[in-house]
Amino acid sequence: MVVVVDTVSATPLRPRHPEKVNRPDALSPPKPDWIRVRAPNTRGYADTRKIVKENGLVTVCEEAGCPNIGECWDKKHATFMIMGDTCTRACAFCNVKTGMPGALDALEPEHVAEATFKLGLAHIVITSVDRDDLADGGAEHFAQTIRALRARCPTTTIEILTPDFLRKDGALEVVVAAKPDVFNHNLETVPSRYPSVRPGARYFHSIRLLQRVKEIDPAIFTKSGIMVGLGEERHEVLQVMDDLRSADVDFLTIGQYLQPTRKHHAVMRYVPPDEFSGYEKVAYTKGFLMVSASPLTRSSHHAGDDFARLQAARAALSR
Ligand code: SF4
């Protein structure tokens, strides 16, 4: 957990987070018993890894060091991260490499579609690094990826998890016009924690982004998530729920923050499972169609099953 050099990509010993190298270590408490994950060593995991590598793709599962990778990849559920493996932001919680990304790969949309076809996925989640260096923030590349997926896998439903497109006028409209089934943008934390957790972002811009998706195309499901254990107060989590509901967001995820390295933000607290259950109950009373709250909840965890439940919840409302 202490390593701040790159152990994921083919170029070893490159600092993944140059901006964090000289920071003092931030020590987190030991993990409690309820944070238990399956080791990634099954046949299904190996098959998924082969398809990902053969298509030259990047996954957030690996780059973010997701604790669910053993479980998800065993079921061939991988979440592709498009537009490279290097992010232009430097969030305090995230293990994705920081720096200036390379040029976009024009063939990536087809490779994502091909890998999705080979994995046989009924529901795919596509995310990306932040591309503040691009004039449109990567919006057109997202749209091309959605179109390539529709062409190659016409029955697969598509969920995208996007950056905030801050100061990229018109970018959101390009992505929404491509008609993903689910538009997810994570708030990540409560507004008071933004300066130290997500300093390059703006809370109300992210809320407004989600609201705009619904205004432009009410058929698209909207989704957002936060991590807990970053020093937030309970009343702040409840306020985030209200803010998301005022933006008509359908689906809320809440998971425990885990520290990728000692140079990242410390875990301030491991929230016990019964507190997650409490958040889930309150969120339903506030009107979300779907809520997933547990220590190992992540945006894309069980996304396919959750999408089916989301559709059923909307259908039940309209009866
Ligand atoms: S929860 Fe999401 S990011 Fe984590 S392994 Fe599963 S699909 Fe990948």
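Residues numbered from 1 in each chain as written. Predicted model: local features only at pLDDT ≥ 70, side-chain atom pairs only at ≥ 80, totals over all residues. Heavy atoms only, no water.

Caption draft 1: Inspection of the environment of T86 at higher detail. Inspection of the secondary structure assignment puts T86 in strand 2 (residues 86-87). A C-alpha to C-alpha distance of 18 Å links T86 and K263, two positions 177 residues apart in sequence. Residues within four places of T86 in sequence aside, it is in contact with K97, T98, G99, M100, P101, V129 and D130. Reaching out from T86, the side chain makes a polar contact with the side chain of D85 at a distance of 2.8 Å. (Helix = DSSP H or I, 4+ residues; strand = E, 2+ residues; numbered from the N terminus. Contact = heavy atoms within 4.5 Å. Polar contact = N/O pair within 3.5 Å; in protein donor to acceptor, adjacent residues only side chain to side chain.)

Caption draft 2: Expanded view of helix 5 (residues 139-152). For helix 5, with 14 residues, the first-to-last C-alpha span of 20 Å sits near the 20 Å given by 1.5 Å per residue. For helix 5, every residue scored as buried is listed here: A139, H141, F142, A143, T145, I146, A148 and L149. Those residues of helix 5 hidden inside the fold are in contact with strand 1 (80-82), helix 4 (108-119), strand 4 (123-128), strand 5 (157-161) and helix 6 (171-177). (Expected span 1.5 Å × (residues − 1). Buried < 20%, exposed > 50% of the residue type's maximum accessible area, 1.4 Å probe, protein only.)

Caption draft 3: Region of the structure containing the site of the ligand. The ligand sits among V60, C61, C66, N68, I69, C72, H77, T79, R298, S300 and H301. Listed by contribution, the elements that provide at least two residues to the shell around the ligand are helix 2 (60-63) and helix 3 (69-74). For the shell around the ligand, the per-class residue count stands at 5 nonpolar, 5 polar and 1 charged. (Near = heavy atom within 4 Å. Nonpolar A, V, L, I, M, F, W, Y, C, P; charged D, E, K, R; others polar.)

Caption draft 4: Representation of the pattern of salt bridges in the model. The full count for this structure, using the stated rule, is 26 salt bridges. We note a salt bridge from K223 to E159, for which the minimum N-O separation is 2.7 Å. With K223 in strand 7 (residues 221-228) and E159 in strand 5, this residue pair connects regions lying 64 residues apart in the sequence. A salt bridge links R245 to D248, with the shortest nitrogen-to-oxygen separation between them at 4.0 Å. Among the charged side chains, a network of salt bridges with common partners joins R89, D130, D132 and D164. (Salt bridge = Lys/Arg side-chain N within 4 Å of Asp/Glu carboxyl O.)

Caption draft 5: Here's a closer look at the state of the cysteines. All chains considered together, the criterion is met by 0 disulfides. In this model C91 remains outside any disulfide bridge; the closest cysteine sulfur is found in C94, 6.3 Å from its own. Given a relative accessible area of 17%, C91 falls into the buried group. (Disulfide = S-S within 2.5 Å.)

Caption draft 6: Structural view of the confidence of the model for the chain. Mean pLDDT over the chain stands at 94; residues scoring 70 or higher make up 96%. Here residues 1-5 is modelled with pLDDT under 50, and outside its nearest four sequence neighbours on either side it reaches 17 contacts, counting other chains as well. (pLDDT = per-residue confidence, 0-100.)

Caption draft 7: Structural context of helix 9 (residues 234-246). Here helix 9 contains 13 residues, and its C-alpha end-to-end distance of 19 Å stays within 8% of the 18 Å for a straight helix at 1.5 Å per residue. When helix 9 is considered as a whole, its buried residues turn out to be E236, V237, V240, M241, D243 and L244. In an axial view of helix 9, the angular spread of the buried residues amounts to 165°, which keeps them on one side of the axis. In helix 9, the exposed positions angled more than 90 degrees off the buried face are occupied by H235 and S246. Positive phi appears at D248, one or two residues downstream of helix 9, with a value of about 65°. (Arc of directions from axis to C-beta.)

Caption draft 8: Structural view of the nonpolar core. Core analysis: the biggest nonpolar cluster contains 43 residues, and W73, F80, I126, F142, I160 and F183 have the highest contact counts within it. Looking at this core element by element, the count peaks at 6 residues for helix 5. Aside from chain neighbours lying at most four places away, what touches F80 is V52, L57, V58, T59, V112, A115, T116, L119, I124, V125, I126 and T127. Among the nonpolar cores identified, the runner-up in size contains 25 residues, and I226, V228, L252 and A293 belong to it. (Core = buried A, V, L, I, M, F, W, Y, C linked by side-chain atoms within 4.5 Å.)

Caption draft 9: Focus on the pairing of strand 7. Counted residue by residue, strand 7 has 8 buried out of 8 residues, so it is predominantly covered. The alternating pattern of strand 7 places F221, K223, G225 and M227 on one face and T222, S224, I226 and V228 on the opposite face, and all of these are buried. Direction of pairing for strand 6 (residues 182-184) relative to strand 7: parallel, over a ladder of 3 bridges. Paired with V182 across the bridge in strand 7 is F221. As judged from the 6 bridges shared by strand 7 and strand 8 (residues 251-256), these two strands associate in the parallel manner. In the strand pairing of strand 8, I226 is matched with I254. (Pairing = 2+ DSSP bridges.)

Caption draft 10: Spotlight on the packing of aromatic side chains. Across all of its chains, the model carries 4 aromatic pairs by this definition. A ring pair is formed by Y203 and F204, whose centres lie 4.9 Å apart and whose planes are at 85°; its orientation type is edge-to-face. Here the aromatic residues Y194, Y203 and F204 are joined through ring pairs into a cluster of three or more. Above the ring of F117, the side-chain terminus of R152 is found at 3.7 Å from the ring centroid. (Phe/Tyr/Trp six-rings, centres within 6.5 Å; stacked < 30°, edge-to-face > 60°. Lys NZ or Arg CZ within 6 Å of the ring centre and 35° of its normal.)

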